[in-house]
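Fold and geometry: a report
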Amino acid sequence: MNLFRYSNDNKRYHTFNYYLKNKYHHKVAKVSLNAGFTCPNRDGTKGSGGCIFCSNSGSGDYAGNVKDSLEQQFNDVSAILQKKWPNCKYIAYFQANTNTYGPIEKIQNCVDPFLNKKDVVAISIATRPDCLEDDVLEYLVKINTQCDLWIELGLQTIHDKTGQLINRGHTYQEFLDGLNKLRQHKINVCVHIINGLPFETKEMMLQTAKELGKLDIQAIKIHMLFVIKNTKLHQLYLDDKFKMLSREEYIDLVTEQLSYLPDNIIIERLTGDGNIEDLIAPLWSIKKVTILNDIDKLMVSKNYYQGCNIHLK
C-alpha cells in the first residue's frame, strides 16, 4: 500500500512516472530534440553569451545532434528506447535553447510533423517566459487542442538580483506574465529552477519553491547548479567567488522545497544530468540514483511528504 497518493513506488512526492503511467497506461519516455534555435540573451537581443552556466549547446547537452534532421534525431533515440522498453510511447521534447524564439514558420515546421506521429503521445517545448509573442501563443493554443502539450518555462530563481548575475535576461515579473498567458489558455506548464546559484542562501532557494507553490503550475524540475568547462560560471568558480552546495546541503534543501509544494504539482526532476566529460563541479552529482535514494530516506526520517509544510508559509 502506497503512503502517498501520487506515487506507484512509495515515493513521498508526485512522481512524473506516476503521472505518465496513470495517464497513458504505457511506458512513456522523452526524446530530446535540437531544432537549432537560439536565445535572446545569446544573439544580442537581450544579451550575449547566454546564461553564465550554459554550455555552447544551450541547455541541450543531451538533445539530438543539430546537424541531423529532427526526424533522424527522433528515430535514432526512439529505436534505442524501443529495445529497452518494447511498446514504449514518446514525448517529443524540443529541449535545446529557446524553442519559441524565431519565425513562427520555423516553429511550425519543427513541431507540426510530430503532432500526429505514431507513438508520440505529447509535445514538450522548452522556452523562456519572454518569448511568447502573440503569433506563437496563437499557434500553441491551436496545437493544445490537437495533442497533449507541455511548455517548459525556464525561471531558475524568483530573485532578480541573481537573474541579472547569471545573465538570464528577464525578470520574475516577466515570468509571471508569460505563465499567465499560457494558463489563460489552459496550457500545461513545467517550471525549471536551479539550486545553488551564486550567492543565493538556503532561505532564498526555499523562497523560490514557496512562491512557485502558490502559482498555477502543473509541474516543476529542480536542478543542481553545474559548473561546466569553458562557461562564464566556470571562471567565477575558478576565482573562488562563490560556494557550491554540498551533497548533504542539496538533499536537505530539496526535501524542504518539496514540503512547500502542493501535492498536485508533478515533480519531473529532482537533480540534473551534467555532461560528465565537461563537468567541473559538483562531482558528487554524477551518482544521481544515490542522491534520489537519499532524498527518499531523508523524507522518511523527517516524516515529510510533498506539501506537508504548506501551512507554515
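Everything below is about the structure printed above this text.
The shown structure was predicted, so the numbers you read here are calculated from the model rather than taken from an experiment.

Each value, and the rule that gives it
Residues numbered from 1 in each chain as written. Predicted model: local features only at pLDDT ≥ 70, side-chain atom pairs only at ≥ 80, totals over all residues. Heavy atoms only, no water. Pairing = 2+ DSSP bridges. Helix = DSSP H or I, 4+ residues; strand = E, 2+ residues; numbered from the N terminus. Axes fitted to C-alpha atoms, helices over the stretch in contact; angles between N-to-C directions. Contact = heavy atoms within 4.5 Å. Buried < 20%, exposed > 50% of the residue type's maximum accessible area, 1.4 Å probe, protein only. Right-handed = clockwise from strand over helix to strand, strands pointing away. Patch = residues over 30% accessible without salt bridge, like charges linked within 9 Å, V, L, I, M, F, W, Y side chains within 5 Å. Areas by Shrake-Rupley, 256 points an atom, 1.4 Å probe, with all protein chains shown as cover. Salt bridge = Lys/Arg side-chain N within 4 Å of Asp/Glu carboxyl O. Lys, Arg positive; Asp, Glu negative; His and termini not counted. Charge placed at Lys NZ, Arg CZ, Asp CG, Glu CD. Arc of directions from axis to C-beta. 1 Å grid on protein atoms, 1.4 Å probe; cavity = no way out; pocket = protein on both sides within 12 Å on 5 of 7 lines; lining within 4 Å. Points joined across faces, edges and corners; volume = space filled by probe spheres on them. Polar contact = N/O pair within 3.5 Å; in protein donor to acceptor, adjacent residues only side chain to side chain. Core = buried A, V, L, I, M, F, W, Y, C linked by side-chain atoms within 4.5 Å.

In this section: the sheet that holds strand β8 (residues 266-269). An order of β1-β2-β3-β4-β5-β6-β8 is seen for the seven strands of this open sheet, with the pairing classed as parallel. Of all strands in the sheet, those with a lone pairing partner are β1 (28-33) and β8, marking the two edges. Taken pair by pair, the neighbouring strands of this sheet meet at an average axis angle of 25°, ignoring direction. As judged from the six bridges shared by strand β4 (residues 148-156) and strand β5 (residues 188-195), these two strands associate in the parallel manner. Within the sheet, the bridge partner assigned to E152 lies in β5 and is C190. Where helix α1 (residues 16-24) meets the sheet, it contacts β1, β2 (89-94), β3 (120-127), β4 and β8, and its direction lies at approximately 115° from that of β8.

Buried residues dominate β4, accounting for eight of its nine residues. Here β3 pairs with β4 via six bridges, running parallel. Residue pairing for β4: A122 is matched across the bridge by D148. Read as a crossover between parallel neighbours, the route from β3 over helix α4 (residues 134-144) to β4 is right-handed.

Moving on, we get to a negative patch on the surface. On the surface, a cluster of negative charge is contributed by E105, E133, D134, D135 and E138. Counting residues per element, the negative patch draws most heavily on α4, at three residues. The topology assignment puts E133 in the loop between β3 and α4.

What follows covers a nonpolar patch on the surface. Taken together, the side chains of I276, L283 and I286 make up a nonpolar region of the molecular surface, amounting to roughly 300 Å² of accessible area. Within the secondary structure layout, I276 lies in the loop between β8 and β9 (279-281). You can call I276 exposed: its relative accessible area is 56%.

Before going further, it helps to examine the pattern of salt bridges. Per the stated rule, a full pass over the model turns up 21 salt bridges. The salt bridge partner of D216 is R183, with a shortest N-O separation of 2.9 Å. Of this pair, D216 sits in the loop between α7 (202-213) and β6 (219-224) while R183 sits in helix α6 (residues 172-183), and the two are 33 residues apart along the sequence. For R183, a relative accessible area of 15% translates into the label buried. A single salt-bridge network, built from bridges that share partners, covers K30, E152, K221 and E268.

This paragraph deals with helix α3 (residues 104-111). Of all the positions in α3, only I104, I107, C110 and V111 are classed as buried. Angularly, the buried residues of α3 cover 130° about the axis, an arc narrow enough to put them on a single face.

Considered as a void within the structure, the second largest pocket measures approximately 230 Å³ in volume. Every residue lining the second largest pocket is counted, 15 residues in all, and those nearest its centre are E200, T201, K202, M205 and L245. Among the elements that take part in the lining of the second largest pocket, helix α9 (residues 247-259) stands out by supplying three residues, more than any other.

Our next topic: the environment of D130. When you line up the elements, D130 lands in the loop between β3 and α4. D130 sits 108 residues away from N22 along the chain, and the two C-alpha atoms are 33 Å apart. Not counting residues up to four positions away in its chain, the partners in contact with D130 are P40, K46, G169, H170 and E174. A polar atom in the side chain of D130 sits 2.7 Å from the side chain of K46. Within the structure, D130 has its side chain in polar contact with the side chain of R128 (distance 3.0 Å).

Moving on to the nonpolar core. One broad rule of soluble globular proteins: the nonpolar side chains tend to lie buried together. With 81 residues, the main nonpolar core has F53, F94, V111, I123, I125, L140 and L182 as its most contacted residues. What L182 contacts, discounting residues up to four positions off in sequence, is L132, L137, L140, I151, L153, I187 and V189. Among the nonpolar cores identified, the runner-up in size contains twelve residues, and Y19, Y24, W150 and I266 belong to it.

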